[in-house]
Amino acid sequence: MDDLARHLAQTARDLKLADQVPAEAEPEALMALARTVLEELVARGLLPDPAPEVGCWSAARSRLH
């Protein structure tokens, strides 16, 4: 199991979703898990960042400075 899967499984357990039928789970807990999934996918570059912050993209510096 990779680190992302472990992190998401732990988040689901923390939200008490591990023993829940998804259709019967609390909407707030499902939204929190979905938010975590999307944030991780954006952070790993697998989804585009819909609101990138200024300066978050690194670029090679010019050797002239």
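Everything that follows concerns the structure shown earlier in this document.
All values reported here derive from a predicted model rather than from experimental measurement.

Definitions and cut-offs
Residues numbered from 1 in each chain as written. Predicted model: local features only at pLDDT ≥ 70, side-chain atom pairs only at ≥ 80, totals over all residues. Heavy atoms only, no water. Axes fitted to C-alpha atoms, helices over the stretch in contact; angles between N-to-C directions. Helix = DSSP H or I, 4+ residues; strand = E, 2+ residues; numbered from the N terminus. Parallel < 35°, antiparallel > 145°, perpendicular 65-115°, else oblique. Left-handed = near helix turned anticlockwise from the far one by under 90°. Contact = heavy atoms within 4.5 Å. Expected span 1.5 Å × (residues − 1). Buried < 20%, exposed > 50% of the residue type's maximum accessible area, 1.4 Å probe, protein only. Arc of directions from axis to C-beta.

Q: Would you mind going over the packing of helix H1 (residues 3-14) against helix H2 (residues 27-43) with me for this structure?
A: Working note: a packed helix pair is described by the angle between its axes plus the distance between those axes. The N-to-C vectors of H1 and H2 enclose an angle of 160 degrees; their axes lie 10 Å apart at closest approach. Judged by the inter-axis angle, H1 sits roughly antiparallel to H2. Considering only the axes of H1 and H2, their crossing is right-handed. Where H1 approaches H2, its residues Leu4, His7, Leu8, Thr11 and Ala12 are matched on the opposing element by Leu33, Thr36, Val37 and Glu40.

Q: Which parts of the structure should I look at to understand unusual backbone geometry?
A: What you tend to see is this: most non-glycine residues have negative phi, and most peptide bonds are trans. Of note, Lys16 is a non-glycine position whose phi angle comes to about 60 degrees, a positive value. By the element assignment, Lys16 lies in the loop between H1 and H2.

Q: What am I meant to see in H1 here?
A: Because an α-helix packs 3.6 residues into every turn, residues spaced three or four apart end up facing the same way. Between the first and last C-alpha of H1 there are 16 Å, a value that for twelve residues agrees with the 16 Å anticipated at 1.5 Å per step. Among all positions of H1, only Leu4, Thr11 and Ala12 are buried. Around the axis of H1, the buried residues are gathered within 100 degrees of arc, so they sit on the same side. The exposed residues of H1 that point more than 90 degrees off its buried face are Asp3 and Asp14. Those residues of H1 hidden inside the fold are in contact with H2.

Shape is all these values report; function is a separate question.
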